[in-house]
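Listed below, chain by chain, are the residues.
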Amino acid sequence: MKVYALVGKSGTGKSFQATYLCGQMNIEYIIDDGLLIGRASVIAGISAKRQQTKVGAVKTALFTDETHMREVRDKLAEISPERILVIGTGRNMVFKICDRLGLPAPELVINIEDITTEEERNAAYRQRYEQGKHVIPVPTFELKKEFSGYFMNPLRWFIGRGSKNNDRGERTVVRPTYSYLGKYNISDKVITDIINHICMKSGDVFKVSKISVYKTGEGIKIKAFLVMYGGRNIITAAEKIQSEIAKQTEMMTAFNVEEMNIEIRGLKCS
């Protein structure tokens, strides 16, 4: 196994550049902020960006928790990658990560300054410290469960249309809890109000009898009990409402909708 390292100060764009660097060097897997990433998917681990504090984030990135470390270490032993890139803020950090995960010491340490321009690093710095945005080198749909309740956006470009980075694949921008000025909470009433509005706006629903919202570790499960207007294809109408509720709820709340079930309790005939 060949181990490489990418190092640089926080907020200099390491995670953004990682996928491009891996493509150039034919590296299949990445260790970044507590995650084992391979082929644009999260394979194992816990993201440091899910932690409530910066101290907790650092501990997660260093795999200090035994269960977390063992999960990733066992997965690495199982897949036995030929090449892997370890990302860290400095040489000491990447060597500690390799030791915790049972990886050989990196045979090549690459500094972020060697593969980016000052303009790119400044742009990354602004994203991190002025807007509280962090990049994860994985497509957004791969993170829906792990980051349910976090505001995420796909990132396909970094500076502008003329940037050479435009075609480097999709990453995700996430705002961790510790990057906000304070905590936020979305109550169940907000979710039920969204669902009520969508149902009544559809023109197919006479009354929303009840809405149940269950929060899980990976998102939310919703069940809506509806009385619909008769004289039309209620199955087609219900499927359309079901799809719209899931789509709009995810967009407006950032929750991953695991299930969206509709039960038709009655028909209103004119």
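Preceding block: the structure.
Quick caveat: nothing in here was measured; it's all calculated off a predicted structure.

### Here we look at the pairing of strand β3 (residues 35-38)
Next up, step 1: Every second residue of β3 is oriented toward a common face, with L35 and I37 on one face and L36 and G38 on the other, all of them buried.
Next up, step 2: One ladder, built from 4 bridges, connects strand β2 (residues 29-32) with β3; its direction is antiparallel. Counterpart to D32 in the pairing with β3 is L35.
Next up, step 3: Between the end of β2 and the start of β3, which pair antiparallel, lie 2 residues, with D33 showing a positive phi angle near 50 degrees.
Next up, step 4: In this sheet, strand β4 (residues 41-45) lies alongside β3 in antiparallel orientation, the contact comprising 4 bridges. In the sheet register, G38 faces β4, and the bridge partner there is S41.
Next up, step 5: Connecting β3 to the antiparallel partner β4 that follows it, the hairpin turn spans 2 residues, and R39 within it adopts a positive phi of roughly 50 degrees.

### Brief notes about helix α1 (residues 14-25)
Next up, step 1: Taking 1.5 Å per residue as the helical rise, α1 with its 12 residues ought to reach 16 Å, and the 15 Å between its terminal C-alpha atoms agrees with that figure.
Next up, step 2: When α1 is considered as a whole, its buried residues turn out to be K14, S15, F16, Q17, A18, L21, C22 and M25.
Next up, step 3: Backbone geometry just after α1 places N26 at a positive phi near 55 degrees.

### Comments concerning the packing of aromatic side chains
Next up, step 1: In total, this model carries 1 aromatic pair according to the counting rule given.
Next up, step 2: Relative to Y229, the ring of F206 has its centre 5.8 Å away and its plane inclined at 75 degrees; by these criteria the two rings are edge-to-face. Linking F206 in strand β10 (residues 205-216) with Y229 in strand β11 (residues 219-229), this pair joins segments that are 23 residues apart in sequence.
Next up, step 3: The exposure class of F206 is partly exposed, given its relative accessible area of 34%.
Next up, step 4: The ring of F206 carries the charged tip of K268 above its face, separated from the ring centre by 5.2 Å.

Definitions and limits used
- Residues numbered from 1 in each chain as written.
- Predicted model: local features only at pLDDT ≥ 70, side-chain atom pairs only at ≥ 80, totals over all residues.
- Heavy atoms only, no water.
- Buried < 20%, exposed > 50% of the residue type's maximum accessible area, 1.4 Å probe, protein only.
- Helix = DSSP H or I, 4+ residues; strand = E, 2+ residues; numbered from the N terminus.
- Pairing = 2+ DSSP bridges.
- Expected span 1.5 Å × (residues − 1).
- Phe/Tyr/Trp six-rings, centres within 6.5 Å; stacked < 30°, edge-to-face > 60°.
- Lys NZ or Arg CZ within 6 Å of the ring centre and 35° of its normal.

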